[in-house]
Amino acid sequence: MLEIKNINAFYGNIQALHDVSITINEGEIITLIGANGAGKTTTLMSISGIVTPRTGQILFNGETISGMKPDKIVRSGLAHVPEGRHIFPYLTVMENLDLGAYLRKDKDNVKKDLEHVFTLFPRLKERMHQAGGTLSGGEQQMLAISRALMARPKMLLLDEPSLGLAPLIVKQIFDIIKRINEEDGTTIFLVEQNANLALKVAHRGYVMENGRITLEDDAKKLLVNEEVKKAYLGI
Amino acid sequence: MDYFLELFFGGLTRGSIYALIALGYTMVYGIVQLINFAHGEIYMIGAFTALIVASVLTFYGVNTVAILILASIVAVIYSSAYGFTVEKIAYKPLRNAPRLSPLISAIGMSIFLQNYVLLAQTSDFLPFPRLIPQFHFMEPVSHIFSSAELVIVVTTMVAMVLLTLFIKFTNLGKAMRATAQDKTMALLIGIDVDRVISATFIIGSSLAALGGVLIASHIGQINFYIGFIAGIKAFTAAVLGGIGSIPGAVLGALILGWTESFATGYVSSDYEDVFAFALLVLILIFRPAGLLGKAETKKV
């Protein structure tokens, strides 16, 4: 479904990604794990068109999306939940959700998706008219995921959804991520520093170090891989 | 008391015009964090366009109210085209440059447009026809609040209400607010940020042009330099109210209008600018972000 082929991305003269290749099939949860500054976020930003890779190609459903403008990429069915959640702080929860469906014209389905999002995260319904900036960290993460779902994406890009959240909330959010994948059939690309958590929900995983993919395997195998254990799982 | 009221309504009128211009500064700043110094020139171009249209229509003997409306519409369209083009030429290529570069580019654009009008027209003050009609029902109070002032205040109020509704309820308005708050996220949900920026310049220019036409037909003369002075005042108003904030720009403009009006009336017209800028300094000392501005803190 998504094919990243040998992309190289730069910030000025500094190379952030070296020959990164990742393949994601429909219906999978794929995780990309690695340390801070390894290039995980840059990989996601390249998919969304915020960063344009200098060389290499990104295909989504057979269509080249590298070099396309971000709004075209969203239109093709990719939704991105960025690191740090990026809630519009002075817009209400409802307005944030509405904006998730910004490009959609099918108003009836948008309404259905709103109901769906509220069943996934009932807390958001209670906070509907509150400004986004006044929500707690966990609620903001729920809102960020919901806003992305409002685009009814074929594939969801999640950047560090566990960042800065209490373990209980993290578990709740990861359960929902699994449900979105299993019940709605949405393909998920999950970037996480919390490797243990990510590998437990994912089907396959990639390990990134200094802008390079160094390992790729089934998530279950990565969980017991000696190197991964030492470097990322703290065992 | 009559004198006080006269000054009050005079200040309200002045403030309304400042508000129309200040909105352009504040909206553009809110979205691209740029002080568009060429904005005053857009206002001036609006007034000149209206003058040309009005002269032609007067020649054909069209009725004054129709001239006012047609001249306003043409001025709004023409100035919007200017605002749109200025952004594309002078600011868009510098979108990712250090913040000083577009600022210098803006000043350059302002000087260019002033001199362009100076050469294309003249450096003298040109008489502008008084297009705003005298209403009979205003006659008893016309010594404190003239028909022209009423038209300016009411038009401004209508424009503000429409702008507020637009920003609050339309898709483009929501996209503008989203872009102002978080540009990266706006891109990620599929907002065409370039289009939003263009729209912001067009709306700001339209309001400025409207202000230009109204004030020119009230005062009765224009020249190429009016944009600079009005621009500086409106910019002051925007900063006073908190740059980036729409209600702030309106509030700042009204306060500035009243300050100038009362200073002129009770002290001396020589002191109008002294009081206006002294007020600015005072407010910025106690509220650096402006009256309704948001201090730069963010919950992370």
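Structural data are supplied above this passage.
Residues numbered from 1 in each chain as written. Chains lettered and ligands numbered in written order. Predicted model: local features only at pLDDT ≥ 70, side-chain atom pairs only at ≥ 80, totals over all residues. Heavy atoms only, no water.

Some points on the interface of chain A and chain B
Where interface size is given, it is often the accessible area lost as the parts come together that is meant.
Here comes step 1: Counting residues at the interface gives 25 residues for chain A and 20 residues for chain B.
Here comes step 2: Together, Phe-88, Tyr-90 and Tyr-102 of chain A form the three largest contributors to the area buried by chain A at its contact with chain B, with a combined 29%.
Here comes step 3: One salt bridge connects Glu-95 of chain A with Arg-177 of chain B, and the closest N-O pair in it is separated by 3.0 Å.
Here comes step 4: In this assembly, chain A and chain B are joined by five residue pairs in polar contact (both at pLDDT 80 or more).
Here comes step 5: Where the side of chain A that touches chain B is concerned, the elements lending two or more residues are helix 1 (40-48), helix 2 (70-75) and helix 3 (93-100) of chain A.
Here comes step 6: Examining the composition of the side of chain A that touches chain B, we find that four residues originate from one element, helix 3 of chain A, more than from any other. (Contact = heavy atoms within 4.5 Å. Buried area = accessible area lost by both parts, 1.4 Å probe. Salt bridge = Lys/Arg side-chain N within 4 Å of Asp/Glu carboxyl O. Polar contact = N/O pair within 3.5 Å; in protein donor to acceptor, adjacent residues only side chain to side chain. Helix = DSSP H or I, 4+ residues; strand = E, 2+ residues; numbered from the N terminus.)

Details of the packing of helix 3 of chain A against helix 6 (residues 137-149) of chain A
Residues and elements named next belong to chain A.
Here comes step 1: Following both chains from N to C, one finds helix 3 and helix 6 inclined at 35°, their axes separated by 7 Å at the closest point. The element helix 3 and its partner helix 6 pack so that their crossing is right-handed. Residues Val-93, Asn-96, Leu-97 and Gly-100 of helix 3 lie in contact with helix 6, whose contacting residues are Leu-143, Ser-146 and Arg-147. (Axes fitted to C-alpha atoms, helices over the stretch in contact; angles between N-to-C directions. Left-handed = near helix turned anticlockwise from the far one by under 90°.)

A closer look at the pairing of strand 10 (residues 212-218) of chain A
All names here are of chain A.
Here comes step 1: Here strand 9 (residues 204-209) runs beside strand 10; their pairing, made up of six bridges, is antiparallel. When the bridges of strand 10 are listed, Glu-209 appears paired with Arg-212.
Here comes step 2: Taking the residues between adjacent antiparallel strands as the criterion, strand 9 and strand 10 are bridged by two residues, where Asn-210 takes a positive phi near 45°. (Pairing = 2+ DSSP bridges.)

What to know about the packing of aromatic side chains
Here comes step 1: Tallied over the full model, the rule gives 15 aromatic pairs over all chains.
Here comes step 2: With centroids separated by 5.1 Å and ring planes inclined at 25°, the aromatic side chains of Phe-8 of chain B and Trp-258 of chain B adopt a geometry described as stacked. Of this pair, Phe-8 of chain B sits in helix 1 (residues 2-32) while Trp-258 of chain B sits in helix 10 (residues 246-266), and the two are 250 residues apart along the sequence.
Here comes step 3: In this structure Phe-8 of chain B comes out as partly exposed when scored by relative accessible area, which is 27%.
Here comes step 4: By the ring-pair criterion, three or more aromatic residues cluster together here, those being Tyr-3, Phe-4, Phe-262 and Tyr-266 of chain B.
Here comes step 5: It is Arg-54 of chain A that lies over the ring of Phe-10 of chain A; its NZ or CZ is 3.8 Å from the centre. (Phe/Tyr/Trp six-rings, centres within 6.5 Å; stacked < 30°, edge-to-face > 60°. Buried < 20%, exposed > 50% of the residue type's maximum accessible area, 1.4 Å probe, protein only. Lys NZ or Arg CZ within 6 Å of the ring centre and 35° of its normal.)

A look at helix 4 (residues 100-120) of chain B
Residues three or four positions apart in an α-helix share a direction because the helix packs 3.6 residues into each turn.
All names here are of chain B.
Here comes step 1: Between its first and last C-alpha, helix 4 extends 30 Å over 21 residues, near the 30 Å set by a 1.5 Å rise per residue.
Here comes step 2: Turning to helix 4, its buried residues are Pro-102, Ala-106, Met-109, Ser-110, Leu-113, Gln-114 and Val-117. Down the axis of helix 4, the buried side of the element spans an arc of 125°, and every buried residue falls inside it. Exposed positions of helix 4 whose direction lies more than 90 degrees from the buried face are Leu-100, Ile-104, Phe-112 and Leu-119. (Expected span 1.5 Å × (residues − 1). Arc of directions from axis to C-beta.)

As for the sheet that holds strand 5 (residues 63-64) of chain A
Residues and elements named next belong to chain A.
Here comes step 1: Sheet architecture is open: four strands sit in the order 2-1-4-5, paired in antiparallel fashion. Each end of this open sheet is capped by a strand with a single partner; those strands are strand 2 (14-24) and strand 5.
Here comes step 2: Sheet topology note: the strand 4 (residues 55-60)/strand 5 ladder contains two bridges and is antiparallel. Bridge pairing links Phe-60 to Glu-63 in strand 5.

Here's the deal with the sheet that holds strand 3 (residues 29-34) of chain A
Through backbone hydrogen bonds, the strands of a sheet pair up, either in parallel or in antiparallel fashion.
All names here are of chain A.
Here comes step 1: Read from one edge of the open sheet, six strands run 6-7-8-3-9-10, paired in mixed fashion. Whereas interior strands pair on both sides, the edge strands pair on one side only; in this sheet they are strand 6 (78-81) and strand 10. When strand polarity is set aside, the average angle formed by the axes of neighbouring strands in this sheet is 15°.
Here comes step 2: By the bridge criterion, five bridges tie strand 3 to strand 8 (residues 187-192) in an arrangement that is parallel.

Things to note about the nonpolar core
Here comes step 1: In this structure, Leu-99 of chain A together with Tyr-43, Tyr-91, Ile-191 and Ile-222 of chain B are the most contacted members of the largest nonpolar core, which totals 90 residues.
Here comes step 2: No other element matches helix 1 of chain B, which puts 13 residues into this core.
Here comes step 3: The contacts of Tyr-91 of chain B, once residues within four sequence positions are left out, are Leu-34, Asn-36, Phe-37, Ala-38, Val-86, Pro-102, Ser-105, Ala-106, Met-109 and Phe-201 of chain B.
Here comes step 4: Ile-29, Leu-135, Leu-149 and Val-170 of chain A belong to the second largest nonpolar core, which has 46 residues in total. (Core = buried A, V, L, I, M, F, W, Y, C linked by side-chain atoms within 4.5 Å.)

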